[in-house]
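Residues per chain, in single letters:
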Amino acid sequence: GDLHAHSKWSDGGNTIAEMAEAAKAKGYSYIAITDHSQSLKIAGGLSIADLKKKKREIDKINSKLKDFRVLYGTEVDIDSEGRLDYKDETLKEFDIVVAAIHTGFKQSKSQLTKRLIRACLNKYAHIIAHPTGRLWGTRDAYDIDMDEVLKAARDTHTHLEINAFPQRLDLNGPNCRRAKEIGARLVIGTDAHTTGQLESMKLGVSVARRGWLTKEDVLNTLAVDELLMGIKK
């Protein structure tokens, strides 16, 4: 399945049902709809009231689907101090919590590293998305102590994402290899904002192979029940 995708609830171009049908057509057994959190206004981040409505929609869709599940997720913002954008009482309700830095890229190496480590320490943060923040042709990776982040992820049972979006491909191959050496767990997510962008999963798989990963190293090669057991902290 795919653990990082957006819908019209935030800045996506398709409904949850459309994203689910497209993922099912690809042979997946699940997709996590991880719309943006409340502070990211520019991307239509969801308020607490919005989240309740979205959850009801997902439950309704799941009641009609066979051999497929939509996971209730969020891409929650990591603030300048490393705190997550929703309180724990809200985070614990999600199936999948993807945490990501979207602001403050020019902080020092130490500050950025501490933000990511603090996010890993939150017991409801399952995945760190696009860990180095790079955008091809637009923004270089921000400066972090990668080994320290990988060790924190390993020690807190937090998964690091290979973001398969073509402008990201982050983690890259060498960092995937280093993650495997250190013992950090990984997932691949497309960060798809439309049904067509689900196709970029193959790019993420290519990055994983470049990092010498196998299916045993990538959590979302598992069936949904195994995945949900494996993602818990």
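**Student:** How do you make sense of the environment of Ala208 when you look at a structure like this?
**Tutor:** Within the fold, Ala208 resides in helix H7 (residues 201-210). Residue classification places Ala208 among the buried positions, given a relative accessible area of 5%. Each C-alpha atom of the pair Ala208 and Arg177 lies 8.3 Å from the other, and the pair is 31 residues apart in sequence. Setting aside residues up to four positions removed in sequence, Ala208 forms contacts with Ile162, Ile188 and Leu213.

**Student:** Would you explain the pairing of strand E4 (residues 96-100) in this entry?
**Tutor:** For a regular strand, the rule is simple: side chains alternate between the two faces of the sheet. The buried fraction of E4 amounts to five of the five residues, a majority that puts the element mostly inside the structure. In E4, alternate side chains face the same way, and those of Ile96, Val98 and Ala100 on one face and Val97 and Ala99 on the other are all buried. With five bridges joining them, strand E3 (residues 69-77) and E4 adopt parallel strand pairing. By the bridge assignment for E4, Thr74 is matched with Val97. In the sheet, E4 pairs with strand E5 (residues 127-128) via two bridges, with the strands oriented parallel. By the bridge assignment, Val98 is partnered in E5 with Ile127. Handedness of the E4-helix H4 (residues 109-121)-E5 crossover: right-handed.

**Student:** How do you make sense of the sheet that holds E3 when you look at a structure like this?
**Tutor:** The strands making up a sheet associate through backbone hydrogen bonding, with each pair oriented either parallel or antiparallel. Within the open sheet, the seven strands sit side by side as E1-E2-E3-E4-E5-E6-E7. Their pairing is parallel. Both outer strands of the open sheet, strand E1 (2-5) and strand E7 (185-189), are each paired with one neighbouring strand and no more. As judged from the two bridges shared by E1 and strand E2 (residues 30-36), these two strands associate in the parallel manner. Bridge pairing links Asp2 to Ile31 in E2. This element, helix H2 (residues 48-64), spans E2 and E3 of the sheet and lies at about 160° to E3.

**Student:** Just checking my understanding: could you explain the nonpolar core for this structure?
**Tutor:** It is characteristic of soluble globular proteins that their nonpolar side chains tend to be buried jointly. If you look at the biggest cluster of nonpolar residues, it comprises 57 residues, and the most contacted ones within it are Ile31 and Val70. Top contributing element to this core by residue count: helix H1 (residues 16-25), with five residues. If we ignore the near neighbours within four places in the chain, the residues touching Val70 are Ile16, Ala20, Ile31, Ile33, Ile58, Ile61, Asn62 and Leu65. Ile96, Ala100, Ile127 and Ile231 belong to the second largest nonpolar core, which has 15 residues in total.

Rules of the game
- Residues numbered from 1 in each chain as written.
- Predicted model: local features only at pLDDT ≥ 70, side-chain atom pairs only at ≥ 80, totals over all residues.
- Heavy atoms only, no water.
- Helix = DSSP H or I, 4+ residues; strand = E, 2+ residues; numbered from the N terminus.
- Buried < 20%, exposed > 50% of the residue type's maximum accessible area, 1.4 Å probe, protein only.
- Contact = heavy atoms within 4.5 Å.
- Pairing = 2+ DSSP bridges.
- Right-handed = clockwise from strand over helix to strand, strands pointing away.
- Axes fitted to C-alpha atoms, helices over the stretch in contact; angles between N-to-C directions.
- Core = buried A, V, L, I, M, F, W, Y, C linked by side-chain atoms within 4.5 Å.

That is the geometry; function is a separate question.
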